[in-house]
Amino acid sequence: MIKFALFVRLEAKPGKESEVQEFLEAGLAMARDEKTTPIWFALRLSPTTFGIFDAFEDEAGRQAHLTGPIAQALMAKAPELFASPPSIEPIEVLGLKNTAATA
């Protein structure tokens, strides 16, 4: 069962909102390649605030993601795109329903 997750909050620098959106949209391809990341969402929370929610079956999957290509790309782009460092919060999934097919 999927119980382990991360929520990442990202605040775009002024004028960098479209670049942040493009960066997150490109992250989908990397997420699809991660075998231990079955759930991954890129989110827009407000005009300047973005987020990533991803979930994992175990702590090993979560840790693999935190050291994987998406996390590396995020940290490499952080000084250029974000007003502050990404806020990465480990969270616990209490319930899950997913009947949608993946795109």
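Refer to the preceding data block for the structure.
What comes next is a walk through the structure. (Residues numbered from 1 in each chain as written. Predicted model: local features only at pLDDT ≥ 70, side-chain atom pairs only at ≥ 80, totals over all residues. Heavy atoms only, no water.)

### Looking at the pattern of salt bridges
Phase 1: A full pass over the atoms with the stated rule returns 4 salt bridges.
Phase 2: The salt bridge involving K3 is made with E92; its shortest N-O contact spans 3.6 Å. With K3 in the segment before strand 1 (4-11) and E92 in strand 4 (residues 87-92), the pair connects residues that are 89 residues apart, well separated along the chain.
Phase 3: Classification of K3 by relative accessible area gives partly exposed; the value is 35%.
Phase 4: Taking relative accessible area as the criterion, E92 reaches 52% and is therefore assigned exposed. (Salt bridge = Lys/Arg side-chain N within 4 Å of Asp/Glu carboxyl O. Helix = DSSP H or I, 4+ residues; strand = E, 2+ residues; numbered from the N terminus. Buried < 20%, exposed > 50% of the residue type's maximum accessible area, 1.4 Å probe, protein only.)

### Quick word on the pairing of strand 1
Phase 1: Note that strand 1 and strand 3 (residues 49-56) share 8 bridges and pair antiparallel. Bridge pairing in strand 3 places L6 opposite D54. (Pairing = 2+ DSSP bridges.)

### Examining the packing of aromatic side chains
Phase 1: Under the defined criterion, the tally for this structure stands at 1 aromatic pair.
Phase 2: On the basis of an interplanar angle of 40 degrees and a centroid distance of 6.3 Å, the ring pair of F41 and F53 is categorised as tilted. Pair noted here: F41 is in strand 2 (residues 39-44) and F53 is in strand 3, with a separation of 12 residues, a long-range link.
Phase 3: Classification of F41 by relative accessible area gives partly exposed; the value is 46%.
Phase 4: Residue classification places F53 among the partly exposed residues on the basis of a relative accessible area of 22%. (Phe/Tyr/Trp six-rings, centres within 6.5 Å; stacked < 30°, edge-to-face > 60°.)

### Some remarks on the sheet that holds strand 1
Phase 1: Here 4 strands make up an open sheet; going across it, the order is 2-3-1-4 and the pairing antiparallel. A single partner strand is all that each edge strand has here, and the edge strands are strand 2 and strand 4. Averaged over all pairs of adjacent strands, the angle between their axes in this sheet comes to 15 degrees, without regard to strand direction.
Phase 2: Pairing of strand 1 with strand 4 involves 6 bridges; the strand directions are antiparallel. Pairing of F4 across the sheet is with E92, part of strand 4.
Phase 3: Across the sheet, helix 1 (residues 17-33) touches strand 1, strand 2 and strand 3, and the angle it forms with strand 2 is around 170 degrees.
Phase 4: Sitting on the sheet, helix 2 (residues 59-66) is in contact with strand 1, strand 2, strand 3 and strand 4, with an inclination near 30 degrees to strand 1. (Axes fitted to C-alpha atoms, helices over the stretch in contact; angles between N-to-C directions. Contact = heavy atoms within 4.5 Å.)

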